[in-house]
Amino acid sequence: AARRPLAALLSDVGRSNQQLARSRELILSVLSTVPSPREARKFVDSVSGQETLRTQRQFEERQALLASSQAPPGLVAGEFLHAQAARAPTRTLALVCVEAPGSAKLLAQMQRLGVVPVVLPLGSGDYRAAVGRAHALADAVDGEGGRAVPVGGVFHAGGVAADAVAEAVARGIIPVVAPVAADEGQRLGVVGRCVEPLAEALAALERAGRLSVARLIYVGDGLGIASGGAARRLVNLEEDYGRVQSRRMDVVQVMRRCLAILAPTTVGIVAEDPSLVLKGLLSERPPSMSGAVLLRHGFRIQRHSSLATCDEGRLRALLERSFGRTLDAQGYFERLRACGTGIQVIVAGEYQGAVVVTRETGVPYLDKFAVLPEVQGTGMADILWDELKAACPQCLWRSRTDNGVNRWYFDRSNGHWRGAKWVFFWYHGEQPLGLMEVAEAMDVAQRIPASFL
């Protein structure tokens, strides 16, 4: 066999070293996000196709009503149906809108992690500039060790032709979509409203089982989001949209419309820097750093300061389905009524999730945290937790030592104490809880009677 030239061998060595360096950099980037084992396992399952697909009959009905402009006010997502027999998606993808420079490395890293970005490079200029941006970004991704291709002809006067996008995604190649279309006179121009139509096309492909849209990402400058004057890390758009403040409300509006179109399990991420996106890709927890925000389509929130204004029947049904046990309804509700106005009940959606807090001592006691199994993956738990922390800057609760949710509680507590039967958790704000406060609250909490038969 003929010997290969030395220059070719050295070139192969150089490429191998470059790939090794990129792999090392990706591993360090992943480790720096510090995902919990539960989050890491969930991410791996989602990109490997092992996670059970969730469909939502009422969600699709909602989209049909919205499309016909007949949606009643306050209509929210209904129950999921676990589609055990549904076809697994061939690819997990993210719709990524890019304004900020320097995104090529992030896109190549996402591809290596098993999430194929469908990219819309946005910016000013005419159609030539838009096509040039798509080609330049695809070349930059290739330069970072990824595989990308500029895709044209996606947008047209009648809508979106997503076949070329789907084909690239199926092959694991990043489609960089130029937002360009020809008008009726065959004159090329930049498509002003391009994100929502592409989201609609991808949602249709997801319903057909051809792919799964896990993230909707927007990377650009000036995307800080606040609500009520305070910076936010998680935004429940169904509840918080009217209070959202941002220099880029146009982006917030686009995200809101697209998250209403896509499946309710899709997580929205807005970031001012591409390097901040990776944590939101691996974890669905609100980011701890500034410059990145998670958005969920979410649920409307009801807040009750007395049991008298709650629907006891629906609350009972929620607790029994969430815990998988029969509630001692008479004893439980009598205890809550005895608390008078010393309780808080936070209800999400149509009693699809709820938090019950009582005042047993000076420290609020988290009596119940319940989420229906059908809405897991929609951000319900994090939305309720955010509401709980806003209502109670400090809180203590107990959980059985064998409760599978304890890992989730460990991630969100500032301290815990493990006994023979119970694990006691607590969190606090800037002012830590004193030892005597914790001891008193634990003493009272462990004597609260069991709620289930």
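Details of the structure are given in the entry above.
Keep in mind it's a predicted model, so treat the numbers as computed, not measured.

A. Representation of the side chain of glutamine 111 within the structure. Here glutamine 111 is to be found in helix α4 (residues 104-112). One polar contact links the side chain of glutamine 111 to the main-chain amide nitrogen of arginine 147, over a distance of 2.8 Å. Apart from the residues within four sequence positions on either side, glutamine 111 is in contact with Pro117, Gly146, Arg147, Gly172, Ile173 and Ile174.

B. Representation of helix α6 (residues 163-170) in the model. Turning to α6, its buried residues number three or more, namely Val165, Ala166, Ala168 and Val169. Projection of α6 onto a plane perpendicular to its axis shows the buried side chains occupying an angular sector of 160°, all on one side. Here the buried face of α6 lies against β3 (92-98), β4 (115-121), β5 (148-151), β8 (174-177) and α7 (195-207). At the exit of α6 stands glycine 172, carrying a positive phi of roughly 75°.

C. Fine view of unusual backbone geometry. Phi at tyrosine 351 takes a positive value of approximately 55°, unusual for a residue other than glycine. By the secondary structure assignment, tyrosine 351 is in the loop between β19 (343-348) and β20 (353-358).

D. Structural context of the environment of serine 305. Structurally, serine 305 is set in the loop between β18 (301-304) and α11 (312-323). Residue serine 305 is classed as partly exposed on the basis of its relative accessible area, which comes to 47%. A C-alpha to C-alpha distance of 9.9 Å links serine 305 and threonine 358, two positions 53 residues apart in sequence. Apart from residues no more than four positions distant in its own chain, serine 305 is found in contact with Gly340, Thr341 and Ile343.

E. Spotlight on the packing of α4 against helix α5 (residues 127-143). Two elements in contact, α4 and α5, have axes separated by 8 Å at closest approach and are oriented at 60°. With respect to each other, α4 and α5 are oriented oblique. Of the two possible hands of crossing, α4 and α5 adopt the one that is right-handed. The residues of α5 that touch α4, namely those facing Ala104, Leu107 and Ala108, are Leu137, Ala140 and Val141. Each residue belonging to the contact of α4 with α5 can be placed in one class, and the counts come to six nonpolar, no polar and no charged.

F. Here's a closer look at the nonpolar core. With 77 residues, the main nonpolar core has Met110, Leu366, Phe369 and Trp385 as its most contacted residues. Formed by 46 residues, the second largest nonpolar core is a distinct cluster that contains Val177, Cys194, Leu202 and Leu205.

G. Structural context of helix α13 (residues 380-391). The terminal C-alpha atoms of α13 lie 17 Å apart, and with 12 residues this matches the ideal 16 Å at 1.5 Å per residue to within 8%. Residues of α13 that are buried: Met380, Asp382, Ile383, Leu384, Trp385, Glu387 and Leu388.

H. Representation of the pattern of salt bridges in the model. Tallied over the entire structure, the rule returns 19 salt bridges. In this structure, the salt-bridge partner of arginine 193 is glutamate 196, at a minimum N-O distance of 3.8 Å. The closest approach of N and O atoms between arginine 243 and aspartate 240, which form a salt bridge, is 2.7 Å. On the basis of relative accessibility, which here comes to 39%, the residue arginine 243 falls in the partly exposed class. Here the residues in one salt-bridge network are Glu239, Arg300, Arg303 and Glu387, joined through shared partners.

What counts, and where the lines are drawn
Residues numbered from 1 in each chain as written. Predicted model: local features only at pLDDT ≥ 70, side-chain atom pairs only at ≥ 80, totals over all residues. Heavy atoms only, no water. Helix = DSSP H or I, 4+ residues; strand = E, 2+ residues; numbered from the N terminus. Polar contact = N/O pair within 3.5 Å; in protein donor to acceptor, adjacent residues only side chain to side chain. Contact = heavy atoms within 4.5 Å. Buried < 20%, exposed > 50% of the residue type's maximum accessible area, 1.4 Å probe, protein only. Arc of directions from axis to C-beta. Axes fitted to C-alpha atoms, helices over the stretch in contact; angles between N-to-C directions. Parallel < 35°, antiparallel > 145°, perpendicular 65-115°, else oblique. Left-handed = near helix turned anticlockwise from the far one by under 90°. Nonpolar A, V, L, I, M, F, W, Y, C, P; charged D, E, K, R; others polar. Core = buried A, V, L, I, M, F, W, Y, C linked by side-chain atoms within 4.5 Å. Expected span 1.5 Å × (residues − 1). Salt bridge = Lys/Arg side-chain N within 4 Å of Asp/Glu carboxyl O.

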